[in-house]
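What follows is each chain in one-letter form.
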Amino acid sequence: MAYDKFTTLTSTAVPLPIENVDTDQIIPARFLKATTRDGFGDNLFRDWRYKGDGTPKEDFVLNNPIYKGKILVGGKNFGSGSSREHAAWAVYDYGFRCVVSSFFADIFKNNCLNIGVLPVQISPKFADEIFEAIYADPNTELEVDLKAQTITLLATGSKESFDINGYKKENMLNGFDDIDYLQSMKGEIEAFTETRPF
């Protein structure tokens, strides 16, 4: 499934400074019945967002209208727990294109990269600086430059670099998933097969 190209994202951010957010909190197991990627955003953080009767919990950040944007800033160890791809699907379907944290669980990180959500790992010190800036001014913007592999707090100019697998980086810059990447090489593959004996 192709997705929008990711080059530079400038956006306000939603703060979620909770450590050890696991995938069952991101998308509870009872919502894993669907096999397509659509509709999971409605149940992102379902048990934190809604009461038992389905009414929103006013104290949860996604229900607070002053916080919005395409960037979610999470606490340390974001995406731990089970390997369900649906957690990344829920993040993407809700509208986030980037998740920032001082540490990610590896499987969640890779699942995000596979569908066009950029996980940006930063130092705990810079994470604290970002949280402070957002709470001081919810209109604070972050700039995430994938090509340069940098994230900048525009209000202060503070910046950090982040790591990303080169193959995944190129796929995100082009809006490719793994199948799209192979399709993009179709001409080269066909040319190579012409040189091989049957």
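Calculation rules
- Residues numbered from 1 in each chain as written.
- Predicted model: local features only at pLDDT ≥ 70, side-chain atom pairs only at ≥ 80, totals over all residues.
- Heavy atoms only, no water.
- Buried < 20%, exposed > 50% of the residue type's maximum accessible area, 1.4 Å probe, protein only.
- Helix = DSSP H or I, 4+ residues; strand = E, 2+ residues; numbered from the N terminus.
- Pairing = 2+ DSSP bridges.
- Contact = heavy atoms within 4.5 Å.

A. View of the pairing of strand β6 (residues 150-153). A two-sided burial pattern is seen for β6, the buried positions comprising T150 and T152 on one face and I151 and L153 on the other. Here strand β5 (residues 141-145) folds back onto β6, and the loop between the two strands holds four residues, one of which, Q149, carries a positive phi near 60°. As paired strands, β6 and strand β7 (residues 158-161) are joined by four bridges and run antiparallel to one another. Bridge pairing links L153 to S158 in β7.

B. Layout of unusual backbone geometry. Of note in the backbone geometry, N20 takes a positive phi value of approximately 60° without being a glycine. Assessed through its relative accessible area of 45%, N20 is described here as partly exposed. Of note, F45 is a non-glycine position whose phi angle comes to about 50°, a positive value. Tracing the backbone through its elements, the reader meets F45 in the loop between α1 (23-26) and α2 (46-49).

C. How the structure looks around helix α3 (residues 86-94). Restricting attention to buried positions, one finds in α3 the residues H86, A87, A88, W89, A90 and V91. Contacts made by the buried residues of α3 are with α1, β3 (98-101) and α4 (106-115). Positive backbone phi, approximately 125°, marks G95, located one or two places after α3.

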